[in-house]
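Descriptive structure summary
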Amino acid sequence: MVRAIVGANWGDEGKGKITDMLAAKADIIIRFQGGSNAGHTIINNYGKFALHLLPSGVFYDHTTSVIGNGVALNIPYLIKEINEIVEKGVPRPKILVSDRAQLLMPYHILQDTYEEARLAGKAYGSTKSGIAPFYSDKFAKIGIQVSELFDDEILEEKVEKICTLKNVMFKHLYHMPELDKTELMNTLHEYRDMIEPFVCDVSAYLYKAIKEGKNILLEGQLGSLKDPDHGIYPMVTSSSTLAAYGAIGAGIAPYEISDITTVVKAYSSAVGAGEFVSEILDEAVADELRRRGGDGGEFGATTGRPRRMGWFDAVASRYGVRIQGTTEVALTVLDVLGYLDEIPVCVGYDINGEITKDFPTTNKLKLAKPVYEYLPGWKCDIRGVKEYDKLPENCRKYIEFIEKELEVPVKLVSNGPGRDDIIYR
């Protein structure tokens, strides 16, 4: 059985915790897109971790963690992350890396950094992790696949082409030092030696695993609204954040994905620029929610940047759930809202005097103003509650209101940061 775990919104929904929790019954966990540009924060028996490239199932002895072909593979970062968790007492995980994954190179990070500086006030809020240049090169067919690391003839040809193209840009657009071919070849040889023990024909491995009835989790990065096709373009990421891409990014048949768990936050948060209709504009109100939120405040797991805060957006979340093909919702950080007397919920957008409940394209989104309903708060701490009917009545009403708006069942409710802080409905 293959289950995808993806986000409904701007990212930061708590997918890492849900993956870590569901991995207890999984055999294989796969990262299928993105790179080290966004992180998943996980709190479990080993401590608190911010994973960036590693799948969130690495904390179990019985699982195999896979880096799929759709991932932007930063090899030194992957090795560093493995070593870091082992140093904190986690048993060395079993890792497989697709021979078709492509390499995120140091020049991608340089290009990303130079471009953000060049754009200045019109920058896209990149994490400067090299993601956009990486995917640009992949589709321009000058990327380097893991399998190509083991063929120097191919590498030399690629390096020649890469340096010709990049050096024109670096020298004349960015006025920065050019790439050195010999140095680049030496780096690639170092990467080959680092990654060789992990390389696998992942698609064939997964085909066999599916036939054997293994339980497989596909773990997505960011959320629906950061998808380059269906998100708030151009303030999006550079790889598809949708469950449908899991089939491509892992190398399996699309019909194998039978369950899609979409993670939805009980309020809204976002890192970086872009349209955010339900954003809390009163900074004092936003900051209180930010300080109380997440697992120690709402700050980016990769950047440390304070997240922009908002109330639950039913319009954006319903769209995000729909575009993922959701079969069940996991509602997270519900416990955070226990301090509020009443809780605003954005149930519609006012665009030039017309109320819509459908999520629009970005040019119309810029004009949207939130339409709120106000639900009574429950004014108590719900951490530690294990049964749904033991939750306060107003808390249950809030969950059921969200469920009605989403039009998909809320099956999991997270009421704390720990692995066991979960209520099954």
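The structure contained in this document is the topic of the report that follows. (Residues numbered from 1 in each chain as written. Predicted model: local features only at pLDDT ≥ 70, side-chain atom pairs only at ≥ 80, totals over all residues. Heavy atoms only, no water.)

Where burial is concerned, most of strand E1 (residues 2–7) is hidden: six out of the six residues are buried. Burial of the side chains of E1 extends over both faces: Val-2, Ala-4 and Val-6 are buried on one face and Arg-3, Ile-5 and Gly-7 on the other. Summarising the sheet, E1 and strand E11 (residues 257–265) pair through six bridges and their orientation is parallel. Along E11, the bridge assignment pairs Gly-7 with Val-263. (Buried < 20%, exposed > 50% of the residue type's maximum accessible area, 1.4 Å probe, protein only. Helix = DSSP H or I, 4+ residues; strand = E, 2+ residues; numbered from the N terminus. Pairing = 2+ DSSP bridges.)

Within the structure shown, the criterion is met by 25 salt bridges. Here Arg-192 ties to Asp-193 by a salt bridge, and the two come within 3.3 Å at their closest N and O atoms. Between Lys-208 and Glu-212 there is a salt bridge whose closest N-O contact spans 2.7 Å. By relative accessible area, which is 46% here, Glu-212 ends up partly exposed. One salt-bridge network, held together by shared partners, links Asp-12, Lys-265, Glu-298 and Arg-307. (Salt bridge = Lys/Arg side-chain N within 4 Å of Asp/Glu carboxyl O.)

Considered for burial, the residues of helix H9 (residues 283–292) that qualify are Ala-286, Leu-289 and Arg-290. Projected onto a plane normal to the axis of H9, the buried residues spread over an arc of 105° and lie on a single side. The exposed residues of H9 that point more than 90 degrees off its buried face are Ala-284 and Arg-291. Contact partners of the buried residues in H9: strand E13 (308–310). Here H9 starts with a cap whose side-chain oxygen sits 3.0 Å from the backbone nitrogen of Ala-284, and that cap is Asp-282. Downstream of H9 by a residue or two, Gly-294 has a phi angle that is positive, lying close to 55°. (Arc of directions from axis to C-beta. Contact = heavy atoms within 4.5 Å. Polar contact = N/O pair within 3.5 Å; in protein donor to acceptor, adjacent residues only side chain to side chain.)

Once that is clear, we can look at a negative patch on the surface. Together, Asp-151, Asp-152, Glu-153, Glu-156 and Glu-157 make up a region of like negative charge exposed at the surface. Following the sequence through the fold, Glu-156 ends up in helix H5 (residues 152–173). (Patch = residues over 30% accessible without salt bridge, like charges linked within 9 Å, V, L, I, M, F, W, Y side chains within 5 Å. Areas by Shrake-Rupley, 256 points an atom, 1.4 Å probe, with all protein chains shown as cover. Lys, Arg positive; Asp, Glu negative; His and termini not counted. Charge placed at Lys NZ, Arg CZ, Asp CG, Glu CD.)

Take the pairing of strand E4 (residues 47–51) next. When strand E3 (residues 40–44) meets E4, the two strands line up antiparallel, connected through five bridges. Bridge pairing in E4 links His-40 to Leu-51. Between E3 and E4, which pair antiparallel in sequence order, lie two residues.

Turning next to unusual backbone geometry. Going from Tyr-233 to Pro-234, the amide bond is cis rather than trans, its omega being 10°. Relative to the elements of secondary structure, Pro-234 occurs in the loop between strand E10 (216–223) and helix H8 (243–250). The phi torsion at Asp-12 lies on the positive side, around 65°, for a residue other than glycine. When you line up the elements, Asp-12 lands in the loop between E1 and helix H1 (15–22). Here Leu-222, not a glycine, exhibits a phi torsion of approximately 60°, which is positive. With respect to the element layout, Leu-222 can be found in strand E10. On the basis of relative accessibility, which here comes to 15%, the residue Leu-222 falls in the buried class.

Turning our attention to the nonpolar core. By size, the foremost hydrophobic cluster in this structure holds 40 residues, and its most contacted members are Leu-73, Leu-78, Val-97, Leu-103, Leu-188 and Ile-195. Elements that contribute at least two residues to this core include exactly E4, helix H2 (75–87), strand E7 (94–98), helix H3 (106–119), H5 and helix H6 (181–195). Excluding anything up to four places from it in sequence, Leu-78 contacts Leu-53, Leu-54, Ile-67, Leu-73, Val-97 and Ile-195. Judged by nonpolar contacts, the second largest core, of 39 residues, contains Phe-312, Leu-375, Tyr-388 and Ile-423. (Core = buried A, V, L, I, M, F, W, Y, C linked by side-chain atoms within 4.5 Å.)

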